[in-house]
Amino acid sequence: MQLRNAEVDVVTFGQYMRPTKGHLPVVEYVTPEGFAHWQKVAEGLGFRYVASGAMVRGRQPLSPAPFMKCMKWLREVPEFATIRTTRISDGF
């Protein structure tokens, strides 16, 4: 709920993939049902756009359809917007 209180409107959930053996290991592989669950939770909290899936990357550009959806409502928000990244364990 902290993200919504901070007026964050877009949230993404993706699977961490260990890039090299020098990085933290994968603790758990999230199932498609798990991603669907977190998408419903986020939508229920009022996020305007939610991307949730194993191949979703938070810093990757949006594909055309979701991008256009975001651009439509971005025109309605204040001219100063901030993008924040957080982990589920940080609370949202």
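These numbers come from a predicted model, not from an experiment. (Residues numbered from 1 in each chain as written. Predicted model: local features only at pLDDT ≥ 70, side-chain atom pairs only at ≥ 80, totals over all residues. Heavy atoms only, no water.)

**Some words on the overall build of the protein**
Then, number 1: Secondary structure summary: the protein contains 3 helices and 2 strands in total.
Then, number 2: When its helices and strands are written in sequence order, the protein yields α-β-α-β-α.
Then, number 3: Restricting to contacts in the protein with at least 6 residues of sequence separation, those with at least 24 account for 66%. (Helix = DSSP H or I, 4+ residues; strand = E, 2+ residues; numbered from the N terminus. Contact = heavy atoms within 4.5 Å.)

**Describing the side chain of Ser-52**
Then, number 1: Along the chain, the position of Ser-52 falls in strand E2 (residues 49-52).
Then, number 2: In terms of polar contacts, Ser-52 uses its side chain to reach the backbone carbonyl oxygen of Phe-35, at 2.7 Å. (Polar contact = N/O pair within 3.5 Å; in protein donor to acceptor, adjacent residues only side chain to side chain.)

**Quick notes on the environment of Thr-20**
Then, number 1: Looking at the element boundaries, Thr-20 is found in the loop between strand E1 (10-13) and helix H2 (32-44).
Then, number 2: Residue class for Thr-20 comes out partly exposed when judged on its relative accessible area of 41%.
Then, number 3: Within the structure, the side chain of Thr-20 is placed 2.7 Å from the side chain of His-23, a separation counted as a polar contact. (Buried < 20%, exposed > 50% of the residue type's maximum accessible area, 1.4 Å probe, protein only.)

**Looking at the packing of aromatic side chains**
Then, number 1: Under the defined criterion, the tally for this structure stands at 1 aromatic pair.
Then, number 2: Judged by centre distance (6.3 Å) and plane angle (35°), the ring pair of Phe-13 and Trp-38 falls under tilted. With Phe-13 in strand E1 and Trp-38 in helix H2, the pair connects residues that are 25 residues apart, well separated along the chain.
Then, number 3: In this arrangement the basic side chain of Arg-4 is found over the ring face of Phe-47, its NZ or CZ atom lying 5.3 Å from the centre. (Phe/Tyr/Trp six-rings, centres within 6.5 Å; stacked < 30°, edge-to-face > 60°. Lys NZ or Arg CZ within 6 Å of the ring centre and 35° of its normal.)

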